[in-house]
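Overview (structure and organization)
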Amino acid sequence: MTKLGRELASKGINIISLSVGEPDFNTPDHVKNAAKKALDENYTRYSPVPGYPDLRQAIVNKLKTENNLDYDISQIVVSTGAKQSLSNVILTLIDPDDEVIIPTPYWVSYSEMVTLAEGKSVFIDTDIESDFKITPAQLEAAITPKSKLFMFSSPCNPTGSVYSKEELAALVAVFEKHPNIYILSDEIYEHINFVDKHESIAQFDSIKDRVIIVNGFSKAFAMTGWRLGYIAANKEIAAANDKLQGQTTSGTCSIAQRAGIVAYEQGLASVLEMKEAFLRRRELVYNLLNEIPGVKTNLPDGAFYFFPEISSFFGKKDADGNIIKDSSDLALYLLNVGHVATVGGDSFGNNNYIRLSYAASDESLVEALRRIKEALGKLA
């Protein structure tokens, strides 16, 4: 949808993109200045495969200070973005026919990474009524003797759902009965969280050794193009990821790593400013969505997405008589008629929804929701 939107924009059509999963802010100046300093200091050669030791130590310090989690640098592997971190973990853990349990909706690449590893994705369906969160009973029902890994994100892309400590504890009680299952916890949206504080499933000692945290700098510090992510895991898994990465990409960009050290060492002031803006935009979009007949939404607790239910428009026709059959059709209709780029929920495993990113200016969001409301009102 982003690609199609850019194609229309290149023809002079004013497209508002709510399809891209990245902050619309610039990287903070102190982080950019650290990169410039790294260039001047000639950090231009190959970096260690798992990352510079001082960056890994900064990550260890962050995990202790912010999350009260104890790791050492041998348990940290830095990669070219959290996406590579996820891929590394799956490729090192999953053998052919191993089952990976994934709650839906899920980030689009999860299941494809499992396919590349020759594993099998097992989906647990959720909906807007449960705020897109699974129950312990659903988790238990999905587990089989072939279950090897459970992977999820909190805060979640695409729904913005956030698991509380109590909800995580209930899932942990299930995992305690199944000691052969690893847990991959994607925490990349940790700091865009509108509840009390981020809760990591790694805080539970009974399963911590089986938890692999994936995190990075892209969302919190508006560093999507810098490609800097990492895992925190037990030493065996970390070593396996190190070995795999050494035969694929090797160490990630040296300049990005030096900037990452400063990002973690100089605090969260810039992060909190962005979070405040996202919170304001969340309220704005929530109110505007609730004014559109036929659209059903919840109030997400994190990230910068809404995942509204739009199935009431299926079966309706546009002005040319084309029938809206699914969420992809509706997203394409909104692009072509409303000139707003969204993403169909089928990409995330839930066809009755679309994803809207509110990582855009207040003015753009108001106009985008006006266009969406007008376009949907034309369907008959």
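The structure presented is a predicted model; accordingly, all values stated were derived computationally and were not measured.

**Observations regarding the overall build of the chain**
- Scanning the chain from N- to C-terminus turns up 12 helices and 12 strands.
- Taken over the C-alpha trace, the chain has a radius of gyration of 21 Å; the compact-globule value for 380 residues is 21 Å, and the two agree within 12%.
- Seen through its principal axes, the chain has C-alpha atoms that stretch 60 × 55 × 40 Å.
- Across the 380 residues of the chain, 55% fall into the buried class.

**Looking at the packing of aromatic side chains**
- A complete count under the given rule lists 23 aromatic pairs for this structure.
- With a centroid separation of 5.1 Å and an interplanar angle of 10 degrees, the aromatic rings of Y106 and F123 are classed as stacked. Taken together, the residues Y106 in the loop between strand 3 (99-104) and helix 5 (109-116) and F123 in strand 4 (residues 120-125) connect sequence positions 17 residues apart.
- Y106 gets classed as buried once you look at its relative accessible area, which sits at 9%.
- With relative accessibility at 38%, the residue F123 sits in the partly exposed group.
- Over the face of the ring belonging to Y163 we find K133, whose NZ or CZ atom lies 5.9 Å from the ring centre.
- Across the ring face of Y43, the terminal group of R258 is positioned such that the distance to the ring centre comes to 4.3 Å.

**A few points about the pattern of salt bridges**
- Under the criterion given, the structure shown has 22 salt bridges.
- D329 is the partner of K325 in a salt bridge, and the nearest nitrogen-oxygen pair spans 3.2 Å.
- Ionic pairing is found between K378 and E374, a salt bridge with its closest N-O pair at 3.9 Å.
- Shared partners join several salt bridges into a network, and the residues in it are E367, R370, R371, E374 and K378.

**Observations concerning the sheet that holds strand 5 (residues 147-153)**
- Pairing within the open sheet is mixed, and its seven strands lie in the order 2-8-7-6-5-3-4. Looking at strand neighbours, the two that pair on one side only are strand 2 (76-79) and strand 4, the edges of this open sheet. Each strand axis lies, on average, 20 degrees off the axis of its neighbour in the sheet, ignoring direction.
- One ladder, built from four bridges, connects strand 6 (residues 182-186) with strand 7 (residues 211-216); its direction is parallel.

**Brief notes about the UniProt feature "domain: Aminotransferase class I/classII large" (unreviewed entry) in the chain**
- Those residues carrying the UniProt feature "domain: Aminotransferase class I/classII large" (unreviewed entry) are residues 14-371 in this numbering.
- Regarding residues 14-371, the helix share stands at 37% and the strand share at 14%, and the terminal C-alpha atoms are separated by 12 Å.

**Details of helix 8 (residues 235-246)**
- Helix length check: helix 8 (12 residues) gives 16 Å between terminal C-alpha atoms against 16 Å at 1.5 Å per residue, within 8%.
- Contacts made by the buried residues of helix 8 are with strand 2, helix 4 (82-93), strand 6, strand 7 and strand 8 (229-232).
- The distance from a side-chain oxygen at the start of helix 8 to the backbone nitrogen of E236 is 3.0 Å, and the residue carrying that oxygen is N234.

**Here's the deal with the domain arrangement of the chain**
- Under the domain assignment, the chain is made up of domain 1 (1-21 + 270-377) and domain 2 (29-266).
- Tallying the contact residues gives 27 residues for domain 1 and 29 residues for domain 2.
- Summing both partners gives a buried area of about 2300 Å² for domain 1 against domain 2, and 61% of it is carried by carbon and sulfur.
- Linking domain 1 to domain 2 there are one salt bridge.
- A salt bridge links E129 to K296, with the shortest nitrogen-to-oxygen separation between them at 2.2 Å.
- The interface formed by domain 1 and domain 2 holds 14 residue pairs in polar contact (both at pLDDT 80 or more) in total.
- For the side of domain 1 that touches domain 2, the secondary structure elements donating two or more residues are helix 10 (269-289) and strand 9 (305-306).
- Residue contributions to the side of domain 1 that touches domain 2 peak at seven residues, all from helix 10.
- By residue class, the composition of the side of domain 1 that touches domain 2 is 13 nonpolar, eight polar and six charged.

**What to know about the side chain of R282**
- The topology assignment puts R282 in helix 10.
- R282 gets classed as buried once you look at its relative accessible area, which sits at 8%.
- Apart from residues lying up to four places away in sequence, R282 is in contact with F194, L299, P300, D301, F306 and Y358.

**Some details on the sheet that holds strand 9**
- Sheet architecture is open: three strands sit in the order 9-12-11, paired in antiparallel fashion. Since the sheet does not close on itself, it has two edges, and those belong to strand 9 and strand 11 (343-344), each with one partner.
- In this structure, strand 9 lies alongside strand 12 (residues 354-357), joined through two bridges in antiparallel fashion. The residue of strand 12 that forms the bridge with Y305 is S357.

**A few points about the environment of D72**
- Mapped onto the elements, D72 comes out in the loop between helix 3 (53-67) and strand 2.
- Between the C-alpha atom of D72 and that of E363, which follows or precedes it by 291 residues, the distance is 45 Å.
- Apart from the residues lying within four places of it in its own chain, the contact partners of D72 are V60 and K235.

**Quick word on the nonpolar core**
- Counting 61 residues, the largest nonpolar core has L18, L184, L330 and L376 as the members making the most contacts within it.
- For this core, the element with the most residues is helix 12 (residues 362-377), which contributes six residues.
- Both domains that furnish three or more residues to this core are identified here as domain 1 (1-21 + 270-377) and domain 2 (29-266).
- Grouped together as the second largest cluster of nonpolar side chains are 49 residues, V78, Y163, V172 and Y230 included.

Definitions and cut-offs
- Residues numbered from 1 in each chain as written.
- Predicted model: local features only at pLDDT ≥ 70, side-chain atom pairs only at ≥ 80, totals over all residues.
- Heavy atoms only, no water.
- Helix = DSSP H or I, 4+ residues; strand = E, 2+ residues; numbered from the N terminus.
- Rg over C-alpha atoms; globule rule 2.2 N^0.38 Å.
- Buried < 20%, exposed > 50% of the residue type's maximum accessible area, 1.4 Å probe, protein only.
- Phe/Tyr/Trp six-rings, centres within 6.5 Å; stacked < 30°, edge-to-face > 60°.
- Lys NZ or Arg CZ within 6 Å of the ring centre and 35° of its normal.
- Salt bridge = Lys/Arg side-chain N within 4 Å of Asp/Glu carboxyl O.
- Pairing = 2+ DSSP bridges.
- Axes fitted to C-alpha atoms, helices over the stretch in contact; angles between N-to-C directions.
- UniProt positions renumbered as here; feature names shortened; annotations may be inferred.
- Expected span 1.5 Å × (residues − 1).
- Contact = heavy atoms within 4.5 Å.
- Polar contact = N/O pair within 3.5 Å; in protein donor to acceptor, adjacent residues only side chain to side chain.
- Domains from an automatic or database assignment.
- Buried area = accessible area lost by both parts, 1.4 Å probe.
- Nonpolar A, V, L, I, M, F, W, Y, C, P; charged D, E, K, R; others polar.
- Core = buried A, V, L, I, M, F, W, Y, C linked by side-chain atoms within 4.5 Å.

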